Amino acid sequence: MPDVLVLIEHADDTVAKASLELLTLARRIGTPVAIAVGGPSPSVVEKLGGYGASTILSTDDESVSSSVTAGVVGLLASLISSREVAAALLPSTAEGKEIAGRLAVRLDAGVLTDAVDVTSSGGEIVVEQSVFGGSTVVHAAATRGVPVITVRSNSVTPEESPATPSVETVSVADDGGRHAAVTSRSPVSAGGRPGLTEASVVVAGGRGVGAAEKFALIEELADVLSGAVGASRAATDAGWYPHAAQVGQTGVTVAPQLYIACGISGAIQHRAGMQTAKTIVAINKDAEAPIFELADFGVVGDLHAVVPQLIAEVRERKG
Amino acid sequence: MKIVVCVKQVPDTWSEKRLDPADQTLDRAAADGVIDELDTYAVEEALKLKESLGDATVVVLAMGPAGAAESLRKALSMGADEAVHIVDDALHGSDALATSLVLAKAIEQIGYDLVLLGSESTDARMGVMAAMLAERLGVPQATLASGVAVDGTSLRVTRMTSAAQEEVAATLPAVVSVLEKINEPRYPSFKGIMAAKSKPTSTLSLADLGIDASSVGLAAAATKVLDSTARPPRGERTIIKDDGDAGARIADFLASRKLL
Ligand SMILES: Cc1cc2nc3c(=O)[nH]c(=O)nc-3n(C[C@H](O)[C@H](O)[C@H](O)COP(=O)(O)OP(=O)(O)OC[C@H]3O[C@@H](n4cnc5c(N)ncnc54)[C@H](O)[C@@H]3O)c2cc1C
Ligand SMILES: Nc1ncnc2c1ncn2[C@@H]1O[C@H](COP(=O)(O)O)[C@@H](O)[C@H]1O
């Protein structure tokens, strides 16, 4: 079986759940080869093996880790030209898409973004995408080159498939290109909660929350449901919650099992980031708010009354 | 200093978008075309940079059918100096790879120190164009900018991703894509709208760019849509008015869906 290159997101001792999803999809269409930029720790190696990585290619190369995406592009391009590769799978994050775009240009290969499923049918690799805000489902394929595919997180359930991976260090030649350099970086802390794109429950607050300190209520509901906290642009612009939590067109796209929108009107740019959630609950005091068009269950009411009661109910039922 | 801003004409945000059943391309006739909202932030940023630099030219660039001229006119009435419209029947059905080829060729022909784009279009939502252009042009890229500062030779950008906030530095020329956090786009003034009518606008064909028609369009696309289906509408909706027990009713609903 040809290799399927999988770009892994890992930090210290943890592997992103999205990476395990990619490995799960990769196994369906070939032999998963995990690319871990920066030496992976023993527990990362073990985790990747547990989800079927047959080979882990790691690199310590400065040029790969310091520039914005370019080094990884060079690495993937050289691997694709030296091995038999069926596809490259990357996360549908901003970085993942940029790497994919550059790689597709460099290889003159088809790029498919935001896949929600990847299958092999009659030797052709086919992706499923959910477009136009989830109103249309398309199947698409590359017609040229090694397909470069970015996959949305939460699209499949990670499945274990123990393997004992060989770990090889690969090095990358400087591509001689001019690249932007990151001069400082402040990582966003999720406050011990699951990552927004990984979480199976997202509780989001909008302008209706009313104040920065009132977001404690949104956090508390997220915590009792083991979920992540999201926010509308109105809330991030007001400085009530960090931009990293912004759900929508210019923020994060999430597709959790459950999305609870509190005090969010449901503007099209917000919907663009959450309307493929499996179940949507909305709490808004305006019965005309467009968010209700999407809601499986909607409450016309004041979130400051409804949310505390919901928190208490969930606590009680969970015992 | 020359700043090229890529603007895309897209179906109006609230309109129903659909694929043309005949060839699985976006049915542009089914919806009104407008300038991609996020691209107006890129235009605004170019105008602000021009104001702070004093000496700069802002060229807006669109590839698209005849109607895309409207989007260019909007950008000119905001204050851009020149417009370039790439229009050619052979472009119909072009994928991201072909679009980036055509835009890059045009940008090289126009000449540039900085290229500004929206970080993601509202119709394709691929978010790949900035990276693809940087790759083709062989220049640095900085995406998801919430702040941009330039002097004659270098660029500093504040990037906001879901993982981190970053400061990024690069030399010019460079490609930058913007977030809506970056500014508040101005409305065209009456004076701006009048002035736009006499600003230089040129139209380029594939031949003008030295691109072979067989390397773009639907037939040359590196990806193909195999089929498309409308997703069935969401199931039953329940909307209640809070009578003091809404928290409990939500919990009941969650339990009924096995979410509790
Ligand atoms: C280029 C561009 C990109 C954008 N990208 C994004 C994006 O990525 N994400 C995003 O979210 N937005 C985005 N927006 C902004 C978007 O258009 C909306 O302005 C924004 O989503 C509104 O946020 P909101 O729903 O919190 O606020 P509002 O629209 O003001 O709605 C607040 C809601 O709260 C309700 N409410 C008030 N008080 C209470 C209460 N006590 N209890 C219950 N309900 C209450 C009100 O009835 C109202 O419906 C973008 C806009 C542009 C132009
Ligand atoms: N046909 C086009 N003409 C001009 N600019 C474009 C075109 N297609 C994409 N762009 C630019 O690329 C950005 C991102 O598009 P996309 O990668 O398709 O999501 C848009 O916001 C535009 O700035």
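Residues numbered from 1 in each chain as written. Chains lettered and ligands numbered in written order. Predicted model: local features only at pLDDT ≥ 70, side-chain atom pairs only at ≥ 80, totals over all residues. Heavy atoms only, no water.

S.K.: Lay out the domain arrangement of chain A with the relevant residues and their values.
M.R.: Much of the literature gives interface size as the accessible area that the parts lose upon coming together. All names here are of chain A. By the assigned domains, chain A splits into domain 1 (3–169) and domain 2 (201–318). Taking only C-alpha atoms, the centre of domain 1 and the centre of domain 2 are 31 Å apart. At the junction of the two partners, domain 1 supplies five residues and domain 2 supplies five residues. Across the interface of domain 1 and domain 2, roughly 380 Å² is buried in total on both sides, 49% from carbon and sulfur atoms. By the criterion of area lost to domain 2, the three top residues of domain 1 are G133, R152 and N154, representing 80% of everything that side buries. The interface formed by domain 1 and domain 2 holds zero salt bridges in total. Between domain 1 and domain 2 we count zero residue pairs in polar contact (both at pLDDT 80 or more) in total. A breakdown of the residues in the side of domain 1 that touches domain 2 according to their chemical character gives no nonpolar, four polar and one charged. (Domains from an automatic or database assignment. Contact = heavy atoms within 4.5 Å. Buried area = accessible area lost by both parts, 1.4 Å probe. Salt bridge = Lys/Arg side-chain N within 4 Å of Asp/Glu carboxyl O. Polar contact = N/O pair within 3.5 Å; in protein donor to acceptor, adjacent residues only side chain to side chain. Nonpolar A, V, L, I, M, F, W, Y, C, P; charged D, E, K, R; others polar.)

S.K.: Explain the packing of helix α1 (residues 37–53) of chain B against helix α2 (residues 68–78) of chain B residue by residue, including any values.
M.R.: All names here are of chain B. Interaxial distance between α1 and α2 falls to 10 Å at its minimum, and their mutual angle equals 30°. For the crossing formed where α1 meets α2, the hand is right-handed. Mapping the contact onto sequence places T40, V43, E44 and L47 in α1 and K74, A75 and M78 in α2. By residue class, the composition of the contact of α1 with α2 is four nonpolar, one polar and two charged. (Axes fitted to C-alpha atoms, helices over the stretch in contact; angles between N-to-C directions. Helix = DSSP H or I, 4+ residues; strand = E, 2+ residues; numbered from the N terminus. Left-handed = near helix turned anticlockwise from the far one by under 90°.)

S.K.: Residues and numbers for the pairing of strand β8 (residues 124–131) of chain A, please.
M.R.: All names here are of chain A. Here strand β7 (residues 111–121) pairs with β8 via six bridges, running antiparallel. Paired with T119 across the two strands is V126, which belongs to β8. Once β7 ends, the chain turns through two residues before running back antiparallel as β8, passing G122 with a positive phi of about 55°. With six bridges joining them, β8 and strand β9 (residues 136–142) adopt antiparallel strand pairing. When the sheet's bridge partners are listed, V126 is paired in β9 with A141. The antiparallel pairing of β8 with β9 creates a hairpin that spans four residues between the two strands, and F132 there sits at a positive phi of about 50°. (Pairing = 2+ DSSP bridges.)

S.K.: Describe a nonpolar patch on the surface, with residues and values.
M.R.: Together, F190, I193 and M194 of chain B make up an exposed nonpolar region whose accessible area comes to about 320 Å². Note on placement: F190 of chain B falls in helix α5 (residues 190–196). (Patch = residues over 30% accessible without salt bridge, like charges linked within 9 Å, V, L, I, M, F, W, Y side chains within 5 Å. Areas by Shrake-Rupley, 256 points an atom, 1.4 Å probe, with all protein chains shown as cover.)

S.K.: Explain helix α6 (residues 215–224) of chain A to me, and be specific about the residues and the numbers.
M.R.: Residue and element names in this part refer to chain A. Those residues of α6 lying buried are F215, L217, I218, L221, A222 and V224. On its buried face, α6 sits against β13 (201–205), β14 (228–231), α7 (233–237), β15 (258–262) and α9 (303–318). Just past α6, the residue S226 takes up positive phi, approximately 55°. (Buried < 20%, exposed > 50% of the residue type's maximum accessible area, 1.4 Å probe, protein only.)

S.K.: Could you give me a rundown of the site of ligand 1, with the residues and numbers involved?
M.R.: What surrounds ligand 1 is a group of 29 residues, the closest being R207, S232, S265, Q269 and N284 of chain A. One chain alone does not account for the residues near ligand 1; they come from chains A and B. Contacts to ligand 1 include Q246 of chain A, whose side-chain N or O atom sits 3.0 Å from an oxygen atom. Within the side chain of S265 of chain A, an N or O atom sits 2.6 Å from an oxygen atom of ligand 1. Breaking the shell around ligand 1 down by element, the ones donating at least two residues are α7, α8 (268–271) and α9 of chain A together with α1 of chain B. Ranked by residue count, the leading element in the shell around ligand 1 is α1 of chain B, at three residues. (Near = heavy atom within 4 Å.)

S.K.: I'd love a proper account of the site of ligand 2, names of residues and values included.
M.R.: All names here are of chain B. In the neighbourhood of ligand 2, 19 residues make up the surrounding shell, with C6, D39, M63, S121 and G127 lying closest. Take S121: an N or O atom from its main chain is 2.8 Å from an oxygen atom of ligand 2. Interatomic distance of 3.1 Å between a backbone N/O atom of M129 and an oxygen atom of ligand 2. Considering ligand 2 on its own, with 490 Å² of exposed area, one finds that the protein chains cover 97% of that surface. Among the secondary structure elements, those contributing two or more residues to the shell around ligand 2 are β4 (57–63), α3 (96–110) and β6 (114–118). Of all the elements, β4 adds the most residues to the shell around ligand 2, at three residues. When grouped by side-chain class, the residues that make up the shell around ligand 2 number 11 nonpolar, four polar and four charged.

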